[in-house]
Amino acid sequence: FFLVQRACPYMGGQDKTFLSAQPSAVVPQGGNVTLRCYYRRGFNNFTNFTLYKDDRSHIPILHSRIFQESFLMGPVTPAHAGTYRCRGSYPHSPTEWSALSDPLAIMVTGVHKKPSLLALPGPLVKSGETVILQCSSDTVFGHFFLHSEVTFEEPLHLFGELHGGGSQANYSISPKRSDLPGTYRCYGSVTHSPYVLSAPSDPLDIVITGKYEKPSLSAQPGPMVQAGENMTLSCSSQTSFDMYHLSREGEARELSLPAVPSVNGTFQADFPLGPATHGGTYRCFGSFHIAPYEWSDPSDPLPVSVTGEETPCLSHGPSKPSCMACITRHLPIVIRYSVATIFFTILLFCPPCSFDDLRLLQMLL
């Protein structure tokens, strides 16, 4: 009995290993990842480790691979995507192995076109409200993975549904979650290769508002300026905010500037908007460096008006009536230019004109 026990490796011991990926289990195609196998109680009872790929696909570098604690894998290809496990051997009994670790999914990104990521109703979420994150693509993805370094230790797996010739998946985040704010990205994958992912979506910042009292927003020289006149919007508060964020109604992105103490004891940031071209409604928020995704209540809205605006006559720009007005306004100039062209053409190519002929052309001009 003892001879047989020593001759055959023993698997499934009580000591269980743990497998992790550094810097992340989500690896760009062509990148590198370090797989680390270790004992869960903080110290190693093992001398060597063996790494396994669950789908048994043939990757030459992993074949019968024995390593000590960590293993650098790369440059990765789609063939490296999948789930891995590891186990360790004991120094006093090389044929005795620990139990296998829990599976670790290695995801290889950049193989398919990136999806889009939206927040509904928007990325600025009032404290206590629910937000829906929507991954969508014109490619039919069977799986979506939602990733946030703050919220999820591993990418959250969502099943894609057919939508308008493509696919999408929704994920609702409760307002009770304290780790809601952060930067999110989503990836898509086809059904037969769930760990071979697309390129990441553009990053989406989810911000919680209403954490602090609102700042005030003012305009210099005033909220009504002439077209082309320089304008500056100033956000200030008695609260010692580190940063201020300026948003314009209808635009997805905000401008951010550090706050500086002012002479009257407030903390202020001045947003130079340059020569004014068009109006809009603005608001500003305050925040601190230690919690960059938690903002104050918005300031009172500040409507900005720009007088003397001219709408260019572009085929893809203004409405038909405004274009017609533009054409009417410039019609005399167009006529004069056309007549002048005809006049000089006659002088160049016609026989010598009489004095009366020249007087007639002059009157037309």
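The name recorded for the protein chain in an unreviewed UniProt entry is Immunoglobulin domain-containing protein, from Rhinopithecus roxellana. Entered under Subcellular location (unreviewed entry) in the UniProt record, the comment concerning the protein chain runs "Cell membrane". In its Sequence similarities (unreviewed entry) section, UniProt records this for the protein chain: "Belongs to the immunoglobulin superfamily."

Draft legend 1. Representation of the layout of surface pockets within the structure. Reported here for the largest pocket is a volume of approximately 750 Å³. Residue lining of the largest pocket: 28 residues in total, with Ser24, Ala25, Glu153, Glu154 and Pro155 positioned closest to the centre. Those elements giving two or more residues to the lining of the largest pocket turn out to be strand E1 (10-22), strand E9 (104-112), strand E13 (143-147) and strand E17 (182-189). Residue composition of the lining of the largest pocket, grouped by class: 16 nonpolar, seven polar and five charged. Counting contributing residues per domain, the lining of the largest pocket is built from domain 1 (18-109) and domain 2 (113-207), each supplying no fewer than three. Computed from the structure, the second largest pocket encloses a volume of approximately 480 Å³. Together, 22 residues line the second largest pocket, and Pro123, Leu204, Asp205, Ala252 and Arg253 are the ones closest to its centre. Looking at the lining of the second largest pocket, the element that brings in the most residues is strand E10 (residues 116-120), giving five residues. Tallied by class, residues from the lining of the second largest pocket come to 14 nonpolar, four polar and four charged. In this structure, the lining of the second largest pocket is formed jointly by two domains, domain 2 (113-207) and domain 3 (213-307), each of which donates at least three residues.

Thresholds, definitions, all that
- Residues numbered from 1 in each chain as written.
- Predicted model: local features only at pLDDT ≥ 70, side-chain atom pairs only at ≥ 80, totals over all residues.
- Heavy atoms only, no water.
- UniProt positions renumbered as here; feature names shortened; annotations may be inferred.
- 1 Å grid on protein atoms, 1.4 Å probe; cavity = no way out; pocket = protein on both sides within 12 Å on 5 of 7 lines; lining within 4 Å.
- Points joined across faces, edges and corners; volume = space filled by probe spheres on them.
- Helix = DSSP H or I, 4+ residues; strand = E, 2+ residues; numbered from the N terminus.
- Nonpolar A, V, L, I, M, F, W, Y, C, P; charged D, E, K, R; others polar.
- Domains from an automatic or database assignment.

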